Amino acid sequence: MGFQEINSRMVRASVAPGQRLFSQRGAMLAYQGEVSFTPNMAGGQGGVMSMIGRRVANEDTPLMTVEGSGTVLFGHGGHHVQVIDLAGDTLYVEADRLLAFEGTLEQNTVFLGSQGGVMGMVRGQVSGQGLFTTTLRGHGSVAVMAHGGVFEIPITPQRPVRVDPQAYVAHHGEVRNKLSTALGWRDMVGRGSGEAFQLELSGSGTVFVQASEEKL
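These notes cover the structure that comes with them.

Calculation criteria
- Residues numbered from 1 in each chain as written.
- Predicted model: local features only at pLDDT ≥ 70, side-chain atom pairs only at ≥ 80, totals over all residues.
- Heavy atoms only, no water.
- Helix = DSSP H or I, 4+ residues; strand = E, 2+ residues; numbered from the N terminus.
- Buried < 20%, exposed > 50% of the residue type's maximum accessible area, 1.4 Å probe, protein only.
- Contact = heavy atoms within 4.5 Å.
- Areas by Shrake-Rupley, 256 points an atom, 1.4 Å probe, with all protein chains shown as cover.
- Lys, Arg positive; Asp, Glu negative; His and termini not counted.
- Salt bridge = Lys/Arg side-chain N within 4 Å of Asp/Glu carboxyl O.
- Polar contact = N/O pair within 3.5 Å; in protein donor to acceptor, adjacent residues only side chain to side chain.
- Phe/Tyr/Trp six-rings, centres within 6.5 Å; stacked < 30°, edge-to-face > 60°.

### Topic: the overall build of the chain
Consideration 1: When helices and strands are tallied, the chain shows three helices and 13 strands.
Consideration 2: A total of 216 residues make up the chain; the buried ones form 49% of that total.
Consideration 3: Taking contacts inside the chain between residues at least 6 apart in sequence as the whole, the part at least 24 apart equals 81%.
Consideration 4: For the chain, the exposed area adds up to about 10,100 Å²; of that, 51% sits on carbon and sulfur atoms.

### Some details on the side chain of R97
Consideration 1: Its place among the elements puts R97 in the loop between β6 (80–94) and β7 (98–102).
Consideration 2: Look at R97: it is buried, it has no salt bridge, and the nearest opposite charge is D96 at 4.4 Å.
Consideration 3: Here Q166 takes part through its backbone oxygen, which lies 3.2 Å from a polar atom of the side chain of R97.

### Quick notes on the packing of aromatic side chains
Consideration 1: Scanning the model with the defined rule gives three aromatic pairs in all.
Consideration 2: Relative to F74, the ring of F3 has its centre 6.3 Å away and its plane inclined at 70°; by these criteria the two rings are edge-to-face. With F3 in strand β1 (residues 3–7) and F74 in strand β5 (residues 63–74), the pair connects residues that are 71 residues apart, well separated along the chain.
Consideration 3: Classification of F3 as buried rests on a relative accessible area of 10%.

### Details of the pattern of salt bridges
Consideration 1: Under the definition given, this model contains one salt bridge.
Consideration 2: Close ionic contact of E200 with R162 constitutes a salt bridge, the shortest N to O distance being 3.3 Å. Pair noted here: E200 is in strand β13 (residues 197–210) and R162 is in strand β11 (residues 161–163), with a separation of 38 residues, a long-range link.

Here is the structure:
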């Protein structure tokens with residue numbers, strides 16, 4: 001199937017019998033053919049744990065399961081849409097930036113503190129972003145949303161990348177993440193942008209950064 005970029009804010013996907021897509025609720029713009037859209041309370045391919053992670057991250061609306069035979073146009077809120085193709089690797093993406101993905105991908109939910117320790121929790125509380133990140137693994141396509149466009153930055157062992165947490169969209173590859181702050185605890189209150197926090201990504205891979213700090 002895959003996703004075809006129609007323009008910077010819209011993608012098209014083909015749906016065939018025996019195959020399925022998952023999308024964020026409200027992401028369907030139009031469709032042709034015999035296509036059904038069903039709320040998926042199990043949280044996609046990740047089952048109950050994925051659903052729990054999304055709810056703890058204040059995402060009360062379930063994913064939609066898309067099945068049938070036809071074509072569907074996806075977009076949401078006029079945000080920029082970026083298609084990422086996976087060939088057996090794992091994509092880490094902020095859950096609220098996930099627009100749609102193919103059912104061939106295995107979805108799970110990862111606690112940000114698993115790599116970032118206490119600072120992973122601080123990131124979620126102070127920057128306003130969730131404590132959970134969605135992972136998608138396998139072969140298939142993913143459509144993610146961003147504000148103002150997306151820029152891909154390569155991560156190499158010799159050149160780690162530091163990103164404003166609010167500008168972070170997704171990353172893949174053999175990458176470690178660590179959140180640090182250049183400010184004291186008192187100075188951090190009320191600050192969630194890169195002036196207070198830096199998300200350091202090291203290893204080998206790619207990070208996708210949006211052109212604005214504005215939240216979706």
